[in-house]
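Report on the structure
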Amino acid sequence: MHQEMKYIYMVYQKGSFSKAAAALYLTQPALSIAVQKVEAEIGMPLFDRNRQPLKLTEAGEIYIRKVRQFQALEDEMKQQFNDLSGLNTGSICIGGSHYFNSYVLPPVLTAYTCRHPGIRLELVEAGSYELVDLLKDRVIDTTFSCNPLYEDDFDRHPVFQDTVLLAVPASYEVNIVLRDFALTGEDVLKKRHMELSCPSIRLEAFGDTPFILLTEGNNLHARSKHFFDVVGITPVVRLKVAQLVTAYHLARGGLGATFISDILVTDPGPDTLYYKIDSCQAVRHFDLILPKGRYLSNALREFIQIFKEFYWRS
């Protein structure tokens, strides 16, 4: 990519000349002069300098859109050259949430590295909405989503699904009433919750139970709201946290009930009981997503294949 394109794209990403200059190891005056030179050639400003953070003008939006297209062509060319090497060289930058990076990806990344030690793997951790923005900006090569809102924006490859369970401290009295529905950690490890014969619950019985919920912007925040809305109850919210794994550990510590992924249950500890939820929203289907029409390199194809070997249930 041409140097001035890199400069302008960095200003767009950082939202300020000072932050962009620091990231580029330039002085702010030098960066400003470089951007002004491009603006003079175009005949109009690329940034509204009266806004903080900086906002693109209409001309700026066109410029950034074309930079992204230029970036895509460069990336595709590099990937095609790498493909000629037969998976001996190349790199993949994968974006994932804390949950994905800690509980889902480790065996996949280990297997991939063993099979293709010449491919360099990079891992970026962020929230789901931020990861989508990073993918659009091509900071990462791919990420995962179970949000159907993005269907028109990306190419999707189904790779994984999990099941949302309600985790409740074993000491809570509500478990006595619902003992015929409760699952132990051992039951979950044996996948009993996935059997058709396993009874599921609606949430009316938990109207007085304190909950730990995820903050807005998390996929499970929206699903939790749906679960409560269906039965018409307003939950008693003891705490809101940003991470699914944090909510689970707090529940296991006795602070409140919470919604978790079945993948998080890795030991049969007696401190928590689990309930299958009577809702189609309790099964989450994750796709590996890529920018629409992007060239799918051999390195990424192989990553998808290995991921499916571990998790895909057709």
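Rules used in this analysis
- Each chain carries its own residue numbering, running from 1 in the direction its sequence is written.
- Only residues with pLDDT of at least 70 get local features here, since the model is predicted, and only at 80 or more are side-chain atom pairs given and counted; chain-wide, interface and lining totals rely on the full set of residues.
- Computation of side-chain values covers all heavy atoms of the structure but excludes hydrogens and water.
- UniProt positions are given in the numbering used here, feature names are shortened, and annotations may be inferred rather than shown by experiment.
- Burial here depends on accessible area, computed with a 1.4 Å probe over protein chains only, as a share of the maximum for the residue type. Under 20% is buried, over 50% is exposed, and the range in between is partly exposed.
- Secondary structure elements follow DSSP: runs of H or I no shorter than four residues count as helices, runs of E no shorter than two count as strands, and numbering proceeds from the N terminus.
- Taking the helix axis as origin, the arc is that swept by the directions to the C-beta atoms.
- In this analysis, two residues are considered to be in contact whenever any of their non-hydrogen atoms come within 4.5 Å of each other.
- Grid points spaced at 1 Å and placed over the protein atoms alone form the basis of the search, with a cavity being a set where a 1.4 Å probe fits but cannot get out and a pocket an open set showing protein on both sides within 12 Å along at least five of seven lines. Lining residues have an atom within 4 Å of a point.
- Grid points are joined across faces, edges and corners, and a volume is the space filled by probe spheres set on the points.
- We call Asp, Glu, Lys and Arg charged. Ala, Val, Leu, Ile, Met, Phe, Trp, Tyr, Cys and Pro are nonpolar, and the rest, Gly among them, are polar.
- Where each domain starts and ends follows an automatic or database-derived domain assignment.
- To qualify as a nonpolar core, a set must consist of buried Ala, Val, Leu, Ile, Met, Phe, Trp, Tyr and Cys residues joined through side-chain atoms within 4.5 Å.
- Whenever a carboxyl oxygen of Asp or Glu lies within 4 Å of a side-chain nitrogen of Lys or Arg, that contact is scored as a salt bridge.

As recorded in an unreviewed UniProt entry, the protein goes by the name DNA-binding transcriptional regulator, LysR family, listed as coming from Enterocloster lavalensis. You can read under Sequence similarities (unreviewed entry) in the UniProt record for the protein the words "Belongs to the LysR transcriptional regulatory family."

A short note on helix H9 (residues 219–231)
Residues of H9 that are buried: Leu220, Arg223, Ser224, Phe227, Phe228 and Val231. With its buried residues spanning 135° around the axis, H9 presents them on a single face. Turning to H9, the residues buried within the fold contact strand S6 (154–169), strand S8 (210–214), helix H10 (244–252), strand S10 (258–261), strand S11 (272–277) and strand S12 (283–291). Looking one or two places after H9, you find Gly232, whose phi comes out positive at around 70°.

Remarks on empty space enclosed by the protein
Counted under the stated rule, the structure contains two cavities of 30 Å³ or more. Here the second largest cavity defines a volume of roughly 30 Å³. The wall of the second largest cavity is formed by Ile212, Leu213, Leu214, Leu220, His221, Ser224, Thr258 and Phe259. Mapped by element, the contributors of at least two residues to the lining of the second largest cavity are S8, H9 and S10. Taken together, the residues of the lining of the second largest cavity break down into five nonpolar, three polar and no charged.

Digging into the layout of surface pockets
The volume enclosed by the largest pocket comes to roughly 810 Å³. If you go around the largest pocket, you meet 43 residues; those closest to its centre are Ser128, Cys146, Asn218, Asn219 and Arg284. Those elements that place two or more of their residues in the lining of the largest pocket are strand S3 (91–96), helix H5 (98–115), helix H6 (128–136), strand S5 (143–145), H9, H10 and S12. Domain assignment of the residues forming the lining of the largest pocket places at least three in each of domain 2 (71–160 + 285–311) and domain 3 (162–283).

Examining the nonpolar core
In this structure, Leu166, Phe259, Phe303 and Phe307 are the most contacted members of the largest nonpolar core, which totals 67 residues. The biggest single contributor to this core is H5, with eight residues. Domain assignment of the residues forming this core places at least three in each of domain 2 (71–160 + 285–311) and domain 3 (162–283). Sequence-distant contacts of Phe303, that is, excluding residues within four places in its chain, are made with Ile92, Ile94, Leu105, Val108, Leu109, Tyr112, Phe144 and Leu288.

Observations concerning the pattern of salt bridges
Taken as a whole, this structure holds 12 salt bridges when the rule is applied. Among the ionic pairs, Arg120 bridges to Glu122, the shortest N-O distance being 2.7 Å. On the accessibility criterion, Glu122 (33% relative accessible area) is partly exposed. The shortest N-O distance in the salt bridge between Arg252 and Asp271 comes to 3.2 Å. Here Arg252 is found in helix H10, whereas its partner Asp271 is found in the loop between S10 and S11, with 19 residues between them in sequence. Among the charged side chains, a network of salt bridges with common partners joins Arg252, Asp267 and Asp271.

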